[in-house]
Structures are given as C-alpha cells and as structure tokens.
Amino acid sequence: MADPNDRADEENELPLATSVGYQLRMAHRASQRYLQERIEPHGVTLGMWYFLRALWQEDGLTQRELSHRIGTMEPTTLSAIAGMEKSGLVLRERNAADRRKLHVWLTPKGRALKATLMPLAVGVVEKATEGFSPEDRERFLAYLGMVQRNLAEPRIDQDPGKE
C-alpha cells in the first residue's frame, strides 16, 4: 500500500522545468556568459558593464546613486569603480558643496566604448530572442517586468483582523 506521505511530498515538489526562479536564473546566466564573451576582449568585465551602462545614460552620478541604479552594495560599487578608474574608464571627483559625495565621470575612453559595446549588447538581445516575433518579444519583456513588480516587495499574508 502506498504511503500517503509520499504523495504529499510529490505535490509539494517544484520540478526545475516548471520553476520560474530556476528558469530565470539559467536564462540570466546564459545571457551574462554570452555578453561577457563579447565585451571582455575590449577590456571590460561584466561587473564594469553595468556601471558603464548607467553612466552612459547619466554621467556624473555619485557612487551611492550608482549602487542604487545597479542594485549593488556600496562596497561592491567602490571596488568596481576603483577598477574602472585604474583602467582609465572613469574619474572620481568630490562634490564641492558636499565633500562626502564622490561623483563618477566617464573619461573620453569610457565614453568612446559605448559605440563599440552597445552594438554587442544589442546582438546579445537579438540572439536571446531569436525566433520571437516582435509581439512575442514585447510580451516577454512585459512578463519579465510583471515578475519584477510582483516580487519587488516581500508580501506577508496577514489576517486583516490581526494587527
């Protein structure tokens, strides 16, 4: 006779094939590897990539602003910026009004990389969405945005009567 506990265990399992988290992670890792292979020959690590993207959109952000935009802890940002500064991609400058703030500015070398690296990034997106119709791609991006919004803040199910 089958053990009823075995059935309960089966019902609570989440096969990797149907795990949204696992599938997102594997897709993310694949896209990161693919991008990394393309940008590293240009002296840019994956860690630098995100900061360059943010600075290409808005140069002169503070280190704290960069941390928030990229979603990294400040020590990680400091380490990445130091490496980028050593590579000649950025300069750090103290804010004249608030000496505690350090702004990060692209150098001409850092700014010039955009023309080389952005087409590579576009190629990664095109490869990742190969076989998608334009409508599928739009829907896919909308779904990813929805997942992010759904998970943006931890939700604790509470009984409204218990506070």
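The preceding data block contains the structure.
Everything quoted here is computed from the prediction, not taken from an experiment. Counting from 1, residues in each chain are numbered in the order their sequence is written. This being a predicted model, a pLDDT of at least 70 is required before a residue's local features are given, and a value of 80 or more before pairs of side-chain atoms are given or counted; all residues contribute to the totals for chains, interfaces and linings. Values reported for side chains reflect all heavy atoms of the structure, with hydrogen atoms and water molecules removed beforehand.

Q: Talk me through helix H5 (residues 74-86); I want residue IDs and the actual numbers.
A: Taking 1.5 Å as the rise per residue, H5 with 13 residues should run 18 Å; its terminal C-alpha atoms sit 18 Å apart, in good agreement. Among all positions of H5, only Thr 77, Ala 80, Ile 81 and Met 84 are buried. End-on, the buried residues of H5 take up no more than an arc of 100 degrees, which puts them together on one face. Along H5, the residues that are exposed and aim more than 90 degrees away from the buried face are Pro 75, Ser 79 and Lys 86. Summarising the contacts, the buried residues of H5 are in contact with helix H3 (46-57), helix H4 (63-70), strand E1 (90-94) and strand E2 (102-106). Only DSSP runs of H or I with at least four residues qualify as helices, and only runs of E with at least two residues qualify as strands; both kinds are numbered from the N terminus onward. One or two steps after H5, the chain reaches Gly 88, where phi turns positive at roughly 80 degrees. How far a helix is expected to stretch is found by multiplying one less than its residue total by 1.5 Å. Only protein chains enter the calculation, and the probe is 1.4 Å; a residue is then buried if its accessible area is under 20% of its type maximum, exposed if over 50%, and partly exposed in between. Relevant arc is that of directions from the helix axis to the C-beta atoms, nothing else. Note on contacts: a residue pair is in contact if any heavy atoms of the two residues lie within 4.5 Å.

Q: Give me the pairing of E2: which residues, what numbers.
A: In terms of residue burial, E2 counts as a mostly covered element, since four of its five residues are buried. Pairs of strands are assigned from DSSP output, requiring at least two bridges between the strands. In terms of strand pairing, E1 meets E2 through five bridges, oriented antiparallel. Bridge pairing in E2 places Leu 91 opposite Trp 105.

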